[in-house]
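# Observations on the three-dimensional arrangement
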Amino acid sequence: MTSVEFRTHFKSRNRGNADVSYQWQMNGSDYRQPLTDWSRSDGAETRFSAWTPVTNKACNQQLFQERTTLVLHWFDLWTDRQRKEFICQLLRRCSKTQLKFTNDCLAQSVPISRMDFTAVLPRLLSLYIMSFLSPRDICAAAQVCWHWKFLAEQDCLWSPKCIRLGWFLPYSPSDYEYGAWKRHYVACAASLDILTPREAADVYGTLNESLTAPQEQEDRWREHKIRQTIRENLAEHKKAALKTRRAWLNASKLGTSFTGTIHKPLSLTAALVHLGEKCRLKNSLSSVEIRKPRLDLSMKSTLDSTSLLKTTSSLFNRPVMSSYYPLPHFLLVSSKVPGYELLLAAVQVSVLVLPYDSQGMTLEVLFSLAERVIQGRMLQSVGILVPGSTDDIMLTDELRITEKTVLKPCVREFWEKLCGWVVPASEGGSLNIFAPLAASVAGMGLLRKLSTLTGLNVKAPTGICTGSYQHIVSEWCGSGEFPPLLYLHEPVLLTWCRQAEWIEEACKDLRKQLEPQLHFMCQEIRGRILGQFLWDRIKMPVFSFKSEVMECLVHGLVALMNEAPDDPIDFLGHFLLKSSDNSNGLKNIDPLFLTENTSVNSPNPESPKVLLSDADRRSAVFGELLNSERTYVRQLQAVATVYYSPLRAALDSNRAIISSVNLITLFCPLLDILETNNAFLKELAERWQEWSPLQCVGDVWVKFCTRLRVYTNFFNNYPASLKTIDKCREMLPVFRNFLKRYDRTIATRMLSLQELLLTPSARVEEYVALLQALTLHTPPEHPDYTQLTSALDTLMTYRGFIHKLKKSLDRDLRMVEVQNTIQSCPNLLEGSRYLISTQDVALLNCLNGDIAASLRMYEHVSDVGLFLFNDALVLTERSVSSMPFCVAVNTTHTFLASVALHCLNLTEITDTKYVQNAFQLQSPKRQWICATDREEEKIRLLSALRSAINAAITRN
């Protein structure tokens with residue numbers, strides 16, 4: 001029999017009304033007339049179809065296949081809704097045996113991976129399993145289905161939990177009563193089962209005097225407010241928990257057994273009981289209204305706590321104060337702070353310190369790390385020791401917190417949570433920021449916003465100083481104790497403030513040599529060990545801020561340097577005798593002058609209070625500007641006299657040490673700066689001679705800003721100058737001997753030529769700080785205010801240009817270092833690529849991936865290094881080899897793979913007893929299972945990975 005055609009004919013019987021008729025037509029001889037009695041008697045009996053003769057099995061099978069093909073063709077053309085409707089109608093026509101066959105086929109193609117254990121196990125075993133759940137988890141399980149609700153409300157589950165808390169059912173439930181113990185538990189938990197004094201008097205009577213009507217009304221109102229607060233917090237807690245938890249899985253640790261010295265945490269009900277007791281112990285509701293007790297749902301649930309202290313702290317968002325021990329201080333130290341290891345070695349005993357790596361760090365991860373260190377304890381103050389300037393601070397590499405960005409939701413939430421552990425300002429709670437924010441208008445605005453946001457006393461140094469990090473030991477805004485000495489020991493702090501940049505260079509070598517031996521320790525312990533080792537080597541004689549002998553001696557040495565007498569010893573002796581005769585000699589020294597040429601002033605907060613008016617402070621700032629400018633010009637002059645003049649004289653006498661081209665490349669831009677600053681210093685000195693409260697210096701600044709092109713030429717030529725020095729020193733022995741003769745002498749202030757070339761960039765930073773301080777203490781109605789503001793805007797823009805230049809050069813250097821570190825690595829120096837973070841991890845292999853995730857076991861395959869860039873992730877095979885007769889190790893990285901970030905899928909693996917701190921990286925072709933040594937390393941790495949992946953997807 002030939003194929004079947006399905007044709008559609010459209011016929012119109014009248015205008016505007018078309019009927020569609022479908023006709024089956026058979027080609028050729030296949031078409032058969034309706035069967036007559038004669039045809040039936042001829043034996044051509046049919047069944048299931050008018051065209052399917054029973055006697056002809058071949059034709060029957062062929063026709064069945066053709067019609068099946070046709071129906072499947074139609075099925076492919078139908079929509080999803082039409083297919084579902086067809087399947088439903090087809091299943092309704094099937095018999096029981098056919099439906100059973102369909103069920104078996106579906107079970108083979110779609111095997112059952114999950115099953116309701118309550119439908120398989122006996123009810124006794126199901127109730128036994130549910131008995132290990134906490135009340136909160138049982139209530140969540142009751143929301144799964146009606147059968148689970150019936151099991152979750154059985155009295156055998158709730159009666160032990162009520163009896164354990166002393167909540168006994170006041171009557172005996174009947175055999176047919178259902179859920180009596182659960183309703184009793186909910187009623188007791190809602191009321192906390194605690195009688196107020198008024199309620200207790202009604203039940204048991206009282207020997208106290210009866211309350212008056214207003215007192216009774218006040219007592220009722222107070223109790224109503226307490227219960228309302230608890231109900232609101234409980235509802236908020238449940239709402240947040242249902243959003244973050246599965247329907248019935250036990251996310252808390254209340255149902256698990258715990259062995260150790262830590263006691264079992266309080267349940268939610270017990271914690272709320274404690275909250276009600278604390279509220280009722282208050283004499284008034286002022287504390288409830290001002291700082292409302294609330295459940296801290298930011299990072300972890302209350303039920304995740306592991307001690308009574310942590311549970312109550314999460315309920316109040318601040319822990320319970322101890323009256324026996326002084327409250328600790330908390331200090332955040334960024335790894336971007338130069339020589340931060342020395343600061344870790346100087347931390348006081350009563351200080352909780354958190355050193356962190358700012359690369360790839362986010363505020364959420366930083367708060368999580370701080371939460372681990374604080375552990376729910378109440379703090380007296382928080383110190384922030386991070387890189388910053390007079391108008392911003394950098395908690396992370398990618399986030400500058402300024403007056404404009406402090407109110408961003410993520411930044412605001414971080415400050416509110418971090419300062420939630422600090423006691424109120426009325427009890428001495430403070431936030432101490434070690435950046436000179438109090439030296440500028442923008443910085444003061446940032447301090448005011450932080451004070452309003454946190455409710456604490458926010459302090460910062462005025463920054464009226466030049467030098468390394470000496471603004472920390474200058475005057476601080478606010479009253480009270482000197483903040484740096486609350487966190488750090490005085491001798492180490494003084495040494496670090498003066499030599500931070502040089503200490504960082506020493507720490508770089510120490511990290512390379514000692515960190516491989518200390519990799520198993522946390523960052524804080526490693527930093528303390530390295531800092532203590534460094535302090536033992538560079539320890540200076542212990543001297544105090546308040547040492548008058550030290551101050552007098554330093555002043556004498558400064559005067560000796562400025563005067564340059566023929567007999568230095570005789571001059572110094574007369575100076576010290578004159579100082580001893582004049583008892584007020586040291587008191588006449590301006591306490592706000594804190595340059596590298598002056599002494600370290602006393603940090604006692606009472607000493608700087610001699611300057612109260614803006615006019616006096618403005619004079620002090622201008623004096624600081626003049627003194628530091630003289631020091632700066634003296635350094636530039638040393639380059640001209642010590643290096644340029646002899647090299648130029650040798651070139652003119654035909655005994656050239658270096659060529660004329662190299663000489664111009666090295667010194668021409670710096671000599672232009674010297675000429676510009678000589679004129680600037682001269683004008684400043686003239687204004688100082690005629691100084692008065694109404695004296696104007698803004699025009700001098702504006703004139704100086706018009707000459708910043710000489711600094712631009714210097715910075716553009718700076719890399720070429722360094723390369724020229726290195727090339728000439730390597731190729732010309734005469735120039736090498738010349739540098740060896742004149743580097744690090746008294747004339748160069750014990751600095752080398754390369755170090756002297758760093759002074760212009762540092763001076764621009766000092767210009768901005770000093771000009772901001774000058775603008776801060778200049779009233780808006782002063783005639784000099786407009787020009788000072790204009791010059792400040794120009795200098796801040798120019799400082800931004802230098803920051804971008806430094807950042808670009810630093811990224812290029814890091815990229816070159818990474819390219820040299822990874823062996824057999826393709827070219828990484830492409831486009832605007834830069835390195836975000838690096839991390840050493842262990843590469844794992846799952847031995848049994850077909851079982852439940854909690855039972856999977858992993859083997860350590862190899863060590864891997866992860867190099868995260870802004871557009872790709874590079875994986876390297878890390879190998880560690882030991883050196884003979886030496887404890888040092890050699891680490892090498894070999895290129896393994898690279899994945900574009902927009903194609904990378906990141907999956908976090910839940911911790912089990914077989915694997916910790918693991919995650920999975922999946923590319924379109926491969927996947928890697930990695931694990932870090934510590935949980936904080938995993939948190940930081942995953943946060944940086946997610947941020948980089950989201951940024952890459954957005955760009956693409």
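Note that the structure is predicted; figures quoted are calculated from it, not measured. Residue numbers run consecutively from 1 along every chain, following the written order of its sequence. Local features in a predicted model are, by the rule used here, given only for residues with pLDDT of at least 70; side-chain atom pairs are given and counted only at 80 or more, and totals for whole chains, interfaces and linings are based on all residues. Water and hydrogen atoms were dropped before computing side-chain values, which therefore reflect all heavy atoms in the structure.

### Let's talk about the overall build of the chain
- Helix and strand counts for the chain come out as 33 helices and 17 strands.
- Under the scheme applied here, a residue whose accessible area is under 20% of the maximum for its type counts as buried, over 50% as exposed, and between as partly exposed, the area being computed with a 1.4 Å probe on protein chains only. The buried share of the chain, taken over its 956 residues, is 42%.
- Contacts: residue pairs with any heavy atoms within 4.5 Å of one another. Across the chain, every contact between residues at least 6 apart in sequence was considered, and the portion connecting residues at least 24 apart equals 65%.
- When the accessible surface of the chain is summed, it comes to about 53,300 Å², and 56% of that surface belongs to carbon and sulfur atoms. Starting at the N terminus, helices and strands are each numbered in turn, a helix being any DSSP run of H or I of at least four residues and a strand any DSSP run of E of at least two. To measure how exposed things are, a 1.4 Å probe is used in the Shrake-Rupley method; for residues, cover is taken only from the protein chains shown.

### Looking at the pairing of strand β16 (residues 918-922)
- Where burial is concerned, most of β16 is hidden: 4 out of the 5 residues are buried.
- By the bridge criterion, 4 bridges tie strand β15 (residues 905-908) to β16 in an arrangement that is antiparallel. The partner of Thr 907 across the bridge, within β16, is Gln 920.
- When DSSP finds two or more bridges between a pair of strands, those strands are recorded as paired. Looking at chain direction, β16 and strand β17 (residues 927-931) are connected through 5 bridges and run antiparallel. What sits directly across from Gln 922, in β17, is Gln 927.

### Some thoughts on the confidence of the model for the chain
- Within a predicted model, pLDDT stands for the predictor's per-residue confidence, ranging from 0 to 100. Here the chain averages 76 in pLDDT, while 73% of its residues score no lower than 70.
- Mean pLDDT in the chain bottoms out at helix α15 (residues 308-316), which sits at 33, and peaks at β17, which reaches 93.
- In the model, residues 282-324 has pLDDT below 50 throughout and makes 104 contacts with residues more than four positions away in sequence or in other chains.
- For residues 583-612, every residue scores under 50 in pLDDT, and the model assigns this stretch 79 contacts once sequence neighbours within four places are set aside.

### Things to note about the sheet that holds strand β5 (residues 381-385)
- Reading across the sheet, the 5 strands line up as β4-β3-β5-β8-β9 and stay open at both edges, with parallel pairing between neighbours. Among the strands making up the open sheet, the edge pair consists of β4 (351-356) and β9 (457-459). Adjacent strand axes in the sheet meet at a mean angle of 15°, parallel and antiparallel pairs treated alike.
- The sheet contact formed by strand β3 (residues 329-334) and β5 spans 5 bridges and is parallel. Within the sheet, the bridge partner assigned to Leu 332 lies in β5 and is Ile 384. For helices, the fitted line uses only the C-alpha atoms of the stretch in contact; every axis is such a line through C-alpha atoms, and the angle between N-to-C directions lies from 0 to 180 degrees.

### Let's talk about the sheet that holds strand β10 (residues 822-823)
- On the basis of which strands lie adjacent, the open sheet formed by 8 strands has the order β10-β14-β13-β12-β11-β17-β16-β15 and mixed pairing. The open sheet is flanked by β10 and β15, the only strands paired with a single partner.
- Sheet topology places strand β11 (residues 835-846) next to β17; 3 bridges connect them, and they run antiparallel. In the sheet register, Ala 842 faces β17, and the bridge partner there is Ala 931.

### Re the side chain of Thr 748
- In this fold, Thr 748 is placed in the loop between α29 (733-742) and α30 (753-756).
- Given the relative accessible area of 1%, Thr 748 is considered buried.
- By the criterion applied in these results, polar contacts are pairs of N or O atoms within 3.5 Å in which, for protein atoms, one can donate a hydrogen and the other can accept it, and in which residues neighboring in sequence qualify only through two side-chain atoms. A polar side-chain atom of Thr 748 sits 3.0 Å from the main-chain carbonyl oxygen of Leu 751.
- When neighbours within four sequence positions are excluded, Thr 748 is seen to be in contact with Val 642, Tyr 643, Tyr 742, Asp 743 and Leu 756.

### Observations concerning the nonpolar core
- Nonpolar core, defined: a set of buried Ala, Val, Leu, Ile, Met, Phe, Trp, Tyr and Cys residues in which side-chain atoms within 4.5 Å join the residues together. In this structure, Trp 701, Tyr 711, Phe 735 and Tyr 767 are the most contacted members of the largest nonpolar core, which totals 60 residues.
- Among the secondary structure elements, those contributing two or more residues to this core are α25 (614-652), α26 (660-689), α27 (698-705), α28 (709-731), α29, α30, α31 (759-776) and α32 (785-821).
- For this core, the element with the most residues is α25, which contributes 14 residues.
- When neighbours within four sequence positions are excluded, Phe 735 is seen to be in contact with Leu 647, Ile 657, Ile 658, Ile 725, Cys 728 and Arg 729.
- Leu 363, Phe 367, Val 422 and Cys 477 belong to the second-largest nonpolar core, a separate cluster that totals 42 residues.

### A word on helix α33 (residues 935-955)
- Helix length check: α33 (21 residues) gives 30 Å between terminal C-alpha atoms against 30 Å at 1.5 Å per residue, within 8%.
- Within α33, burial applies to Glu 937, Lys 938, Arg 940, Leu 941, Leu 942, Ser 943, Ala 944, Leu 945, Ala 948, Ile 949 and Ala 952.
- Among the structural elements, α17 (363-374), β11, β12 (858-869), β13 (872-882), β15 and β16 are those in contact with the buried residues of α33. To estimate how far a helix should reach, multiply one less than its number of residues by 1.5 Å.

### As for the packing of α25 against α26
- Orientation of α25 relative to α26, taken along the N-to-C sense of each, is 150°, at an axis distance of 8 Å. In terms of axis orientation, α25 runs roughly antiparallel to α26. Both α25 and α26 take part in a crossing whose hand is left-handed.
- Gly is placed with the polar residues, together with every amino acid not listed as nonpolar (Ala, Val, Leu, Ile, Met, Phe, Trp, Tyr, Cys and Pro) or charged (Asp, Glu, Lys and Arg). Residue composition of the contact of α25 with α26, by class: 23 nonpolar, 6 polar and 4 charged. Roughly parallel refers to an angle under 35 degrees, roughly antiparallel to one over 145, roughly perpendicular to one between 65 and 115, and oblique to any angle outside these ranges. Put simply, a crossing is left-handed when the front helix is turned counterclockwise from the back one by less than a right angle, and right-handed when it is turned clockwise.

### What about the pattern of salt bridges?
- Between Lys or Arg on one side and Asp or Glu on the other, a salt bridge is scored when a side-chain nitrogen of the former is within 4 Å of a carboxyl oxygen of the latter. This model, assessed by the stated rule, comprises 27 salt bridges.
- Measuring nitrogen to oxygen at the nearest pair gives 2.7 Å for the salt bridge that ties Arg 372 to Glu 935. With a gap of 563 residues between them, Arg 372 in helix α17 and Glu 935 in helix α33 connect regions that are remote in the sequence.
- With a relative accessible area of 33%, Arg 372 lands in the partly exposed category.
- Two residues, Asp 699 and Arg 687, come together in a salt bridge whose shortest N-O distance is 2.7 Å. Pair noted here: Asp 699 is in helix α27 and Arg 687 is in helix α26, with a separation of 12 residues, a long-range link.

### Re a nonpolar patch on the surface
- A surface patch of nonpolar side chains, about 820 Å² in accessible area, is lined by Ile 112, Met 115, Val 120, Leu 121, Leu 125, Tyr 128, Ile 129 and Phe 132.
- Sorting elements by how many residues they give to the nonpolar patch places helix α6 (residues 123-130) first, with 3 residues.
- Tracing the backbone shows Leu 125 in helix α6. Without a salt bridge and with relative accessible area above 30%, a residue can belong to a patch; like charges are then joined within 9 Å and nonpolar side chains (Val, Leu, Ile, Met, Phe, Trp, Tyr) within 5 Å.

### Points about unusual backbone geometry
- For Asn 654, which is not a glycine, the phi torsion comes out positive at approximately 60°.
- Note that Asn 654 resides in the loop between α25 and α26.
- Residue Asn 654 is classed as exposed on the basis of its relative accessible area of 73%.
- In this model, Arg 744 sits at a positive phi of 55°, which is unusual for a non-glycine residue.

### Some points on the packing of aromatic side chains
- Pairing of aromatic side chains here covers Phe, Tyr and the six-membered ring of Trp, requires ring centres within 6.5 Å, and sorts the geometry by plane angle: under 30 degrees stacked, over 60 edge-to-face, intermediate tilted. One pass over the full model with this rule turns up 30 aromatic pairs.
- Here the aromatic cluster, defined as three or more aromatic residues joined through ring pairs, consists of Phe 680, Trp 701, Phe 704, Tyr 711, Phe 714, Phe 715, Tyr 718, Tyr 767, Tyr 798 and Phe 801.
- Criterion for a charge above a ring: Lys NZ or Arg CZ within 6 Å of the ring centre, and within 35 degrees of the ring normal. Between Arg 811 and the ring centre of Tyr 834, over which it is positioned, the NZ or CZ distance is 3.7 Å.

### A closer look at the packing of α25 against α31
- Running from N to C, α25 and α31 point in directions that differ by 170°, and their axes come no closer than 10 Å. Taken as axis vectors, α25 and α31 run roughly antiparallel relative to one another. Contact with α25, carried on its side by Arg 618, Val 621, Phe 622, Glu 624, Leu 625, Ser 628, Glu 629, Tyr 632, Gln 635 and Leu 636, involves Thr 759, Pro 760, Arg 763, Tyr 767, Leu 770, Ala 773 and Leu 774 of α31 and no other residues of that element.

### Description of α31
- If you check α31, its first and last C-alpha atoms are 25 Å apart, about what 18 residues at 1.5 Å a residue would give, namely 26 Å.
- Most of α31 sits out of view: 15 of its 18 residues are buried.

### Here's the deal with the environment of Glu 501
- As for its position among the elements, Glu 501 is in helix α21 (residues 490-514).
- It is 6.0 Å that separates the C-alpha atoms of Glu 501 and Pro 338, two residues lying 163 residues apart in sequence.

### Remarks on the environment of Leu 636
- The residue Leu 636 is located in helix α25 in this model.
- For Leu 636, a relative accessible area of 2% corresponds to the buried category.
- Along the primary structure Leu 636 and Leu 674 are separated by 38 residues, whereas in three dimensions their C-alpha atoms are 6.0 Å apart.
- Residues in contact with Leu 636, not counting those within four places in the same chain, are Leu 670, Ile 673, Leu 674 and Thr 759.

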